[in-house]
Amino acid sequence: MTRFFLLASIAFLGACQPVQPDVVNARPVADALDQATAEARKARISNLSYDALIDIASSEEAIMGEVDIQFDLSDAASNLTLDFTGGILNEVKVNGNTVAADYNGYFLTLPATQLQQGANIVTVAYRRPYGHDGTGLHRFVDPEDGLTYLHSYLWPYYANRLLPSFDQPNLKANFSLRVDAPKDWTVISTSPGTAESSSGETRLWTFARTPKISTYVFSLHAGSYQIWSDDSGAVPLRLMARQSLAEFVAVDEWFEITQKGMTYYEDYFDIPYPFQKYDQLVVPDFNIGGMENVAAVTYTERYVQRQESSRAEREQRTSTILHELAHMWFGDLVTHDWWNGMWLNESFATQMATLAQLQTTEFTNMWHGYFTESKKAAYESDSRVTTHPIEMAVESTDMFTTLFDSITYEKGGSVLKQLQYRVGAENYRRGVSAYLKEYSFGTTQLADFIRHQSEASGIDLRDWSNEWLTQPGFNTLAAEPVCANNVVKSVIVRQSAPQAWPFIRTHQTELAFYDVNATGDLVVAHTLPMTIDTDAMEIPISGALPCPVLVNPNFNDWTYAKIEISDADQAVLGEQLGKIQDPLSRSMFLAALLDKAMAGDTSIAVYVRQALALAEDEENIRVLEQITASLSQAVHMLQRLRPETDAELPRLQDDVESLALKRAHFAATRDLQQFWFGLFLNVASSDAALGTARAMLDGKADIVGIEISPDYRWQLLIILSRHNAPGIAELLETEINRDPSDFGQRMLLTAQAAAPDLANKERWVDELQSPRTITNLSRQRAVMTGLFPATQTDLQLELLTKILGALPQMSRDADPYFLSSYTTALLNPMCRQESNAIIQATLDEYGGQLNPTALRFLREAHQADVECQALRAAQ
């Protein structure tokens, strides 16, 4: 599964009012599964299978289904619950006897009096409305051509929105499926399917029985999909997308990446691809980046561009394709026992996608990119008050947004990289292979993985597992050379940790000494592998090495630790950052400079000047990508801080906009052009930039080599709307007539929400809190995206009390995906004492009423706002 964004919303669809839980079960009545219930069921149930008939032809509002659930019970002494959220039960039979449905809208209680030790069969006939929030079985009608598309999204606890089930990862089951569908639709599931010839308006599709898999990776997709096939390898491949998007899909690239990735993984794991076919679907309204449904993976349409894809877009698409493919072995073949183990599933797929890209694609500097993108996100999440251990307790499925984050993914991947470096790459690979072979089609816990790594390497890793996986927070490493007569005698390395999580770890890393060569460049003169395991250690240096200009205590970024630079280092970097020959080293020191600026230790304006100077001559695409991203971040932060008094902001903004346009015009490659044009689109706010945006829309200005495609036109229009450009309403109306696609309609919502008018903002906040016209999640997301850009914090502050006031009710009614998006998009830092106080008052008064999702992101919003206010005072 690939995170792209966290979003969703749902109006509860159950027909029944909640009732008190069964006394014996004591299961909480909620749209969630608690771990205690899951463990109790796992202890009783075995030999589980589902045989389902699902009708998606008879109604445009709901699916009708009937499922036979067969299982063995170790005892029949107590009731048993069956998960099924928001549906209607037509009939329930237990072992052939019709029973009155004890159903509370969330789960069905099967009475012990009807159960028996040994074999049981439960038959449920039901009805369940289609999802419109991206969960369960989601239904989408394309506004361009009226064609209908269905896709399922069942992670982590949404399989029970498709069919009644024991919806937990460690109750793996065989699935048999038949689907009655409109005759002109294609239906896709986990196994290969065949369709009967049709004489009427429907066809019956039958799918082969699956091997043992978890409920959350089962799937059902259907509709008028465009289908491409590739049978050149041993495993048949298909790629699908909706008809109106088909011309833009990079089909050949998609298949090439998949074929190479499959070959790489089969060799790395020493296990053939474990399923019968491999389908990939690009689906509308998808909630995240990608989902590893067994042999029927789904992806967001954001991986399809309506103009030539940039290098960054190609790389992200490649990474996700390889990430989801890795899950077929690690995640689907072998699955975590419960959600506390999700990190290993996701971190490993993240790591494997990086390794596969290094070996099979054009993106051969992926570890550099991992530092600039993934580790940056991990350190940010790990610095929040809500940070958590990589391996954390998960009491219930409604906590999933507390672990669906950069700690689970990017920090976990970083720690696995450190583990691979510690045990050796080949030992690591052998341990993974043995682990997957032993537990194929089963479930595991962390100790199983660590045992195999220990056996393969001959190293007892239990202490390593404890210090890296069960302790939150990150470390910072600083290195100070001790020199005499210009010869380095030793290096003092200091390890620190945040005050809230003062945990010192063992780091396997390399020290690098940098010296000036004959041409004036800073080069790596010496490296020293080392183990850092205390808060301070002095390492003697033998030989007659010259005193280094700089020292990097995490050269090549092997460990998960930030580097800290001294004031003297900063002075050197201010003059010589661009002279560091090694691109990854330039990136690491540039990141350290940005850290100091964002912490208030130095001026953000100074950082912007340094980054602009570095950009003038920088040629490495990774460093340029980092520069453009950091300049966008810095400008947005300056816009949030003191725009009313900061006289330097307009000059800095003009300089960034001007450089972005100049480099976009004259960059050597189209990829570099798109980086710089993307920066311009991200920061454009000055009168000159708005004039350029309008001229591009009117065809009076262009950048040779960049087509102002419909997607770019909408970005330009959102910029103009954000600043209330003259005639914007007419421009938007003209554009939506030109591009009435689903994408165009969502971009129109973003542009309308961006208009800098208080009444407009309030109207959209009302709509999000009580949806009347926009009930589709992806469109709600489009509104949230536009509402409060960095230049509109005053409007955001005026509505802050209203935004927060709805959280208790939304905590009860809204889905975690929706809540996570609402609380992050609408609570970006305002950097004011007033906003600090209002958010804190909400936490004090309502914190106990908020669900885990709302509470987490509200706490993070308060921390970010307090930090931003402190930074405001420091600039």
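Everything numeric here is computed off the predicted structure, so don't read it as measured data.

How should I be thinking about the overall build of the protein in this particular structure?
Assigned secondary structure in the protein consists of 27 helices and 29 strands. Its C-alpha atoms give the protein principal-axis dimensions of about 90 × 70 × 60 Å. Evaluated residue by residue, the protein yields a buried proportion of 62% over its 875 residues. Put simply, of all contacts in the protein between residues at least 6 apart along the chain, 72% involve residues at least 24 apart. Surface accessibility of the protein: about 31,500 Å² in total, with carbon and sulfur atoms responsible for 49%. Counting 68 positive and 111 negative side-chain charges, the protein places the centres of these two groups 0 Å from one another.

Any chance you could explain the nonpolar core here in plain terms?
Taken as a class, soluble globular proteins show a tendency for nonpolar side chains to be buried jointly. One finds I56, W155, Y265 and W329 to be the most contacted residues of the largest nonpolar core, which totals 147 residues. Once residues within four sequence positions are removed from consideration, I56 is found in contact with I63, Y130, L137, L150, V179, D180, A181, P182, W185 and A222. Residues A512, L697, I703 and L748 belong to the second largest nonpolar core, which totals 82 residues.

I keep staring at the packing of helix α19 (residues 742-754) against helix α20 (residues 758-769) and nothing clicks. Help me out?
A pair of packed helices is captured by two measures, namely the crossing angle of their axes and the spacing between those axes. At a minimum axis distance of 8 Å, the contact between α19 and α20 shows a crossing angle of 130°. As judged from the angle between their axes, α19 and α20 are oblique. Packed against α19, whose contacting residues are L749, Q752, A753 and A754, the element α20 presents N760, K761 and W764 at the interface. When grouped by side-chain class, the residues that make up the contact of α19 with α20 number four nonpolar, two polar and one charged.

What's the story with the packing of aromatic side chains in this structure? I'm lost.
For any pair of aromatic rings, the description rests on two quantities: the centre-to-centre distance and the angle between the ring planes. Using the criterion set out here, one finds 43 aromatic pairs in the structure. When the centroid spacing of 4.8 Å and the interplanar angle of 45° are considered together, the rings of W155 and F404 count as tilted. Here W155, found in the loop between β10 (148-153) and β11 (174-182), pairs with F404, found in the loop between α5 (366-382) and α6 (407-423); they are 249 residues apart in sequence, far enough to count as distant. Relative accessible area serves as the criterion here: at 1%, W155 is assigned to the buried category.

Would you explain the state of the cysteines in this entry?
Each disulfide consists of a covalent bond between the sulfur atoms of two cysteine residues. Taken as a whole and judged by the stated rule, the model has two disulfides. There is a disulfide in this structure between C831 and C868, and the S-S distance comes to 1.7 Å. Between C831 and C868, the S-S torsion sits near 60°, and that sign places the bridge as right-handed. One end of the pair, C831, is in the loop between α25 (816-825) and α26 (833-846); the other, C868, is in helix α27 (residues 852-874), and 37 residues separate them in sequence.

Calculation criteria
Residues numbered from 1 in each chain as written. Predicted model: local features only at pLDDT ≥ 70, side-chain atom pairs only at ≥ 80, totals over all residues. Heavy atoms only, no water. Helix = DSSP H or I, 4+ residues; strand = E, 2+ residues; numbered from the N terminus. Buried < 20%, exposed > 50% of the residue type's maximum accessible area, 1.4 Å probe, protein only. Contact = heavy atoms within 4.5 Å. Areas by Shrake-Rupley, 256 points an atom, 1.4 Å probe, with all protein chains shown as cover. Lys, Arg positive; Asp, Glu negative; His and termini not counted. Charge placed at Lys NZ, Arg CZ, Asp CG, Glu CD. Core = buried A, V, L, I, M, F, W, Y, C linked by side-chain atoms within 4.5 Å. Axes fitted to C-alpha atoms, helices over the stretch in contact; angles between N-to-C directions. Parallel < 35°, antiparallel > 145°, perpendicular 65-115°, else oblique. Nonpolar A, V, L, I, M, F, W, Y, C, P; charged D, E, K, R; others polar. Phe/Tyr/Trp six-rings, centres within 6.5 Å; stacked < 30°, edge-to-face > 60°. Disulfide = S-S within 2.5 Å.

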